[in-house]
Amino acid sequence: MNGMSDDIRRRVQDHPCYSEEAHHHFARMHAAVAPACNIQCHYCNRKYDCANESRPGVVSELLTPEQAVKKTLAVAAAIPRMSVLGIAGPGDPLANPERTFATFRSLAEMAPDIKLCVSTNGLALPDSVEELAQHNIDHVTITINCVDPDVGAKIYPWIFWKNQRVFGREAAEILIGQQQKGLEMLVAKGILVKVNSVMIPGVNDEHLKEVSRIVKAKGAFLHNVMPLIAEAEHGTFYGVMGQRSPSPDELKGLQDACEGDMNMMRHCRQCRADAVGLLGEDRGAEFTMEKVEAMVIDEEFSRAAMARRKELRDKVTAEMDAKRARARAPAPVQQQVITLHRRPASADFSAGRPVLMAVAAKGGLVAEHFGHAREFLVYEVTGEGAKLVGHRKTDLYCDGGDTCGDGESVLAKTIRALEGCEVVLCSKIGFEPWGQIEAAGIAPNGEHPMEEIGTAAVAVWHEMLAAGKLAHAAPERQVA
Ligand code: CLF
Ligand code: SF4
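Definitions and cut-offs
Residues numbered from 1 in each chain as written. Chains lettered and ligands numbered in written order. Predicted model: local features only at pLDDT ≥ 70, side-chain atom pairs only at ≥ 80, totals over all residues. Heavy atoms only, no water. Pairing = 2+ DSSP bridges. Helix = DSSP H or I, 4+ residues; strand = E, 2+ residues; numbered from the N terminus. Axes fitted to C-alpha atoms, helices over the stretch in contact; angles between N-to-C directions. Left-handed = near helix turned anticlockwise from the far one by under 90°. Contact = heavy atoms within 4.5 Å. Nonpolar A, V, L, I, M, F, W, Y, C, P; charged D, E, K, R; others polar. Core = buried A, V, L, I, M, F, W, Y, C linked by side-chain atoms within 4.5 Å. Buried < 20%, exposed > 50% of the residue type's maximum accessible area, 1.4 Å probe, protein only. 1 Å grid on protein atoms, 1.4 Å probe; cavity = no way out; pocket = protein on both sides within 12 Å on 5 of 7 lines; lining within 4 Å. Points joined across faces, edges and corners; volume = space filled by probe spheres on them. Domains from an automatic or database assignment. Patch = residues over 30% accessible without salt bridge, like charges linked within 9 Å, V, L, I, M, F, W, Y side chains within 5 Å. Areas by Shrake-Rupley, 256 points an atom, 1.4 Å probe, with all protein chains shown as cover. Salt bridge = Lys/Arg side-chain N within 4 Å of Asp/Glu carboxyl O. Phe/Tyr/Trp six-rings, centres within 6.5 Å; stacked < 30°, edge-to-face > 60°.

Caption draft 1: Main features of the sheet that holds strand β16 (residues 423-425). Read from one edge of the open sheet, five strands run β15-β14-β11-β16-β17, paired in mixed fashion. Each edge of the open sheet is held by one strand with a lone partner, namely β15 (385-393) and β17 (443-445). Each neighbouring strand pair of the sheet contributes to a mean axis angle of 25 degrees, computed without reference to strand direction. By the bridge criterion, three bridges tie β16 to β17 in an arrangement that is parallel. Within the sheet, the bridge partner assigned to V424 lies in β17 and is P444.

Dropping the structure here:
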């Protein structure tokens, strides 16, 4: 995200998906108003959320546009950091244009400060670009898994095109053509385009490097390579056929390889089509339609909520600007802790290798108790800075008490989820998990509570360097 023009920075600074920095502070909501889809992907079962933008799991409530508008206003009042309303399923939003655009139209009028965002498979995109532009929809995601119809034929068994089903290679060729045309049309209109790709080992993994090059050349702003989710119990073709998902290492390898060509998104959580809250949390259950219908949402309510959002947005934006300014300022000569993206001329880090660190984070800080973390952000840390490279989900380990008592099997799962990480940074950690994590070859560290992640991670890297732990390749770690 460095080197971004001021105009682009302004457009993405409060979008949690388009800006990694913003994802620590701003929330999004998905309105599940789009039930139908015009294609079939081998990783999707119609009964589940659109796998392009969400992990498999049924949408709890399909909404009418009127319900979606009411729910959005209720959520945006209760969560002032909600800055974006996205429509991402459970089918394809542009295969349901009336429902999708009715929702956008009303929200543009009633909550003009909320950014509108849409995610599509791209088949109907060229026909919708004009209307997207009219409604001031500034952010569009296209899921592009291939640019070669032979690869596409292995991912898409059919599409619904001009009132009939088209199969195999021909279907993939039409879909690819529409996706590329839609991308070019959006870029020509000045709309920011993110491309999502699902990494399917043995099918499109190598090919995605070419996809990345092409979409960048056509003006896509960001590429998000996500791992295939394929479980037999989801009833998808890939799940039933035993198609495997990529490992975290394989995913990172491909994202690194694509990064030379363009901005890569590393903080995607593959959220549900009805997700609510910060990325990585789901507060959907707090806002069922039953609860929303019981609320009085009138003009005054909406005006007051908009004012609260503005106040919070101004405050967070000022904090982020100040943080960026601090990072650009020259470092004091004796400064030992090097903040993100800075490197004093005198420093020699050639002796140290990069280290993967898992962080129990909140709001961009090392602020979560190990046992309370639902996920860990994974950073690749060097003496120059800390770069987010992924995240690992975990079952909640702690029972909420002061001591981390039971739950050994959950702890074992957490340790497995952290495979490849050498350090886990958290605000606090109990004695029992400490011992088991250490025994598994991961160094627990609770020495940097409430510090900025980059600052804390680089400080720990320097401690490891000083202790002579970074000269050789990482030791093989036992898996619990
Ligand atoms: Fe939603 Fe998608 Fe808009 Fe974001 S999600 S429609 S761009 S507001 Fe974000 Fe969720 Fe990843 Fe999507 S983390 S699945 S990239
Ligand atoms: Fe499923 Fe989305 Fe693919 Fe349609 S585009 S088949 S809803 S994953």
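Caption draft 2: Here's a closer look at the packing of helix α2 (residues 65-78) against helix α3 (residues 97-110). Direction vectors running N to C along α2 and α3 enclose 35 degrees, while the axes themselves pass 9 Å from each other. Seen from above, α2 lies across α3 with right-handed handedness. Within the contact between the two elements, α2 uses P65, A68, V69, T72 and L73 and α3 uses R99, A102, T103, S106, L107 and M110. Of the residues belonging to the contact of α2 with α3, the class tally is seven nonpolar, three polar and one charged.

Caption draft 3: Seen up close, the nonpolar core. Counting 55 residues, the largest nonpolar core has M82, L85 and L186 as its most contacted members. With six residues, the single largest contributor to this core is α2. Residues contacting M82, with those up to four places away along its chain left out, are A27, R28, M29, T72, V75, A76, I114 and R309. By size, the runner-up hydrophobic cluster in this structure holds 32 residues, among which are I155, A171, I174 and A230.

Caption draft 4: Main features of the layout of surface pockets. Of the pockets and cavities examined, the second largest pocket occupies roughly 890 Å³. P227, I229, Q270, H391 and K393 are, among the 33 residues lining the second largest pocket, the residues nearest its centre. Secondary structure elements with two or more residues in the lining of the second largest pocket: β9 (222-227), α9 (248-259) and β15. When the residues that make up the lining of the second largest pocket are grouped by side-chain class, the tally is 16 nonpolar, nine polar and eight charged. In this structure, the lining of the second largest pocket is formed jointly by two domains, domain 1 (6-293) and domain 2 (333-466), each of which donates at least three residues.

Caption draft 5: Quick peek at a nonpolar patch on the surface. A contiguous nonpolar surface patch, about 320 Å² in accessible area, is contributed by F237, V240 and M241. Mapping F237 onto the fold places it in helix α8 (residues 237-241). Owing to a relative accessible area of 42%, F237 belongs among the partly exposed residues under this scheme.

Caption draft 6: A look at the packing of aromatic side chains. Tallying each qualifying case throughout the model produces four aromatic pairs. Ring centres of F370 and F376 lie 5.5 Å apart, and the angle between their planes is 40 degrees; on these two criteria the pair is classed as tilted.

Caption draft 7: Seen up close, the pattern of salt bridges. Scanning all chains against the criterion turns up 29 salt bridges. Note that R10 is salt-bridged to D7, the shortest N-O span being 2.8 Å. Residue R10 and its partner D7 are located together in helix α1 (residues 6-12), separated by three residues, close to a single helical turn. For R10, a relative accessible area of 51% gives the class exposed. D113 is paired through a salt bridge with R309; the nearest N and O atoms lie 2.8 Å apart. Taken together, the residues span a long stretch of sequence, with D113 in the loop between α3 and β4 (115-120) and R309 in helix α11 (residues 299-328) at a distance of 196 residues. One exposure class covers both D113 and R309, and it is buried. Residues joined in a network through salt bridges with shared partners are K252, D256, E259, R266, E380 and K387.

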